[in-house]
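Architecture and fold: a report
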Amino acid sequence: MSARSDRAGQGSDRRPCNQVRVRVPATSANLGPGFDAFGLALSLYDELVVTPGGSGVTVQVTGEGADDVPRDESHLVVRSIRAGLDALGVQVPGFTLRCENRIPHGRGLGSSSAAIVGGLAAAYGLAGEPVDRERLLRLANEIEGHPDNVAAAVYGGFTVAWLDGEDGRAVRLDPSDGLGAVAYVPANRVLTKEARGLLPSAVLHGDAAANAGKAALLVVALTQRPDLLLTATEDRLHQEFREPAMPESLALVHKLRGSGLAAIISGAGPTVLVVGGPERTCPVPPDGWERHDLRVDPVGVQVWSMEAG
């Protein structure tokens, strides 16, 4: 056997494999003004091991969500593997899936996107094909319904995503050297559907214009001028409207920003993310919250296949 790693989506013809290992990063979407468009890949990872064989599915889960997620074909990773295999025209009747989850569930750090992207990437490994990241993004968007988190999980770094018709598209940009993030994760969860349900159906023209300007500035701040992050992460479209679902998170955002830190709600929340360079000094988390000091993941999802023969 030989180990084969695919990072760039280039490789040779299909080869049967005995086992596939996948590592996929957590992600933070929106980043303040970049609602449903911006994503940042973070150095907190879920790992999957898929071993083909038999005619059914066996699911083993450790870590985050171990007591809550299903252990059958309805598991999101399993559904994503099946969708990927169907798209690639490959039959794998049965397999064992082992998940080691480190990304908190329902906290705005892209756990569902990681499951989708990880499962689809595993399908490429099972098929013996190199990962086509552009196609993987389109497939992931079909399952997730929006491309911001899945784009960052696919490509790593800082991504700007959009819909081209119904297809998810994205460009990847290199973050500024030394850019990192501190995630403050509360114990409670907030469903994305609940958080979206609090948003108004229309916004003021002035607020939309302000967000457009800050989103453009945020691209510069994240890639070249981290000193601009505090002002560039100002938002008028979604964060304050979500306060009823996460009052403690919004209070923490206001407190941190008042101290000069570029704090935002991560995705749909309730995690609070502080983005900045190595010079930032962040306080200890509130009681009952966890703190994760993270780097920006530079490569996105990775796949290793143990080949037969």
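Below you will find a few notes about this structure. Worth saying up front: this structure is predicted, and the values here are computed from it rather than measured.

**A look at the overall build of the protein chain**
The helix and strand tally for the protein chain stands at eight helices and twelve strands. What you see for the protein chain is a C-alpha radius of gyration of 19 Å, in line with the 19 Å of a compact globule of 309 residues. Along the first, second and third principal axes, the C-alpha atoms of the protein chain reach 60 × 40 × 35 Å. In the protein chain, which comprises 309 residues, the share counted as buried stands at 53%. Put simply, 73% of the contacts in the protein chain that link residues at least 6 apart link residues at least 24 apart.

**Describing the pattern of salt bridges**
For side chains bearing opposite charge, pairing can occur when the charged atoms are close. If you walk through the whole model with that rule in mind, you get 13 salt bridges. For the salt bridge of Arg21 with Glu47, the shortest nitrogen-to-oxygen distance reads 4.0 Å. Taken together, the positions of Arg21 in strand S2 (residues 17-30) and Glu47 in strand S3 (residues 34-52) put the pair 26 residues apart, joining distant regions of the chain. On the basis of relative accessible area, Arg21 is assigned to the partly exposed category, the value being 34%. Look at Glu47 and you get partly exposed, because its relative accessible area is 22%. It is possible to trace a salt-bridge network through shared partners that takes in Arg21, Glu47, Glu100 and Arg102.

**Some thoughts on the nonpolar core**
By size, the foremost hydrophobic cluster in this structure holds 72 residues, and its most contacted members are Leu97 and Val117. Ignoring any residue separated from it by four or fewer positions in sequence, one finds Val117 in contact with Val24, Leu136, Ala140, Val150, Ala153, Val154 and Val301. In this structure, Val190, Ala245, Val272 and Val274 belong to the second largest nonpolar core, which totals 18 residues.

**Examining the sheet that holds strand S11 (residues 290-295)**
Across the sheet, which stays open at both edges, the four strands sit in the order S9-S10-S8-S11 with antiparallel pairing between neighbours. Either end of the sheet is taken by a strand with one partner, and the two such strands are strand S9 (262-265) and S11. Between one strand axis and the next, the sheet turns through 20 degrees on average, direction left out of account. In this structure, S9 lies alongside strand S10 (residues 272-276), joined through four bridges in antiparallel fashion. From the neighbouring strand, Ile265 faces S10, where its bridge partner is Val272. Along the sheet, helix H8 (residues 247-258) contacts strand S8 (180-185), S9 and S10; its crossing angle with S9, the most-contacted strand, is approximately 165 degrees.

**A look at the packing of aromatic side chains**
What characterises a pair of aromatic rings is the spacing of the ring centres plus the angle enclosed by the ring planes. For the structure on display, the rule yields one aromatic pair. Note on Phe38 and Phe158: the rings are 5.3 Å apart at their centroids and 85 degrees apart in plane angle, and the pair reads as edge-to-face. On the criterion of sequence distance, the pair formed by Phe38 in strand S3 and Phe158 in strand S6 (residues 158-164) is long-range, its members being 120 residues apart. For Arg21, the ring lying beneath its charged end belongs to Trp304, and the centroid distance is 4.4 Å. For Arg23, the ring lying beneath its charged end belongs to Tyr45, and the centroid distance is 3.8 Å.

Cut-offs used in this document
Per chain, residues are indexed from 1 in the order of the written sequence. Owing to the predicted nature of the model, reporting of local features is limited to residues with pLDDT of at least 70; listing and counting of side-chain atom pairs is limited to 80 or more, with chain, interface and lining totals taken over all residues. Note that water and hydrogens are dropped before the side-chain values are worked out from all heavy atoms of the structure. Only DSSP runs of H or I covering at least 4 residues are called helices, and only runs of E covering at least 2 are called strands; the numbering of each starts at the N terminus. Between the two quantities, the radius of gyration covers C-alpha atoms and the globule rule is 2.2 Å times the number of residues to the power 0.38. When a residue's accessible area, from a 1.4 Å probe over protein chains only, is under 20% of the maximum for its type it is buried; when over 50% it is exposed; and in between it is partly exposed. Any two residues whose heavy atoms approach within 4.5 Å are treated as being in contact. Here, a salt bridge means any side-chain nitrogen of Lys or Arg that lies within 4 Å of a carboxyl oxygen of Asp or Glu. Among buried residues, the Ala, Val, Leu, Ile, Met, Phe, Trp, Tyr and Cys ones that are joined through side-chain atoms within 4.5 Å form a nonpolar core. Two strands qualify as a pair provided that DSSP identifies no fewer than 2 bridges between them. What counts as an axis is a line fitted to C-alpha atoms, over the stretch in contact for a helix, and the angles between N-to-C directions run from 0 to 180 degrees. Centres within 6.5 Å are what make two rings of Phe, Tyr or Trp a pair, Trp counting through its six-membered ring; a difference in plane orientation under 30 degrees is then read as stacked, over 60 as edge-to-face, and the rest as tilted. Definition used: whenever NZ (Lys) or CZ (Arg) falls within 6 Å of the ring centre and also within 35 degrees of the ring normal, the charge is taken to sit over that ring.

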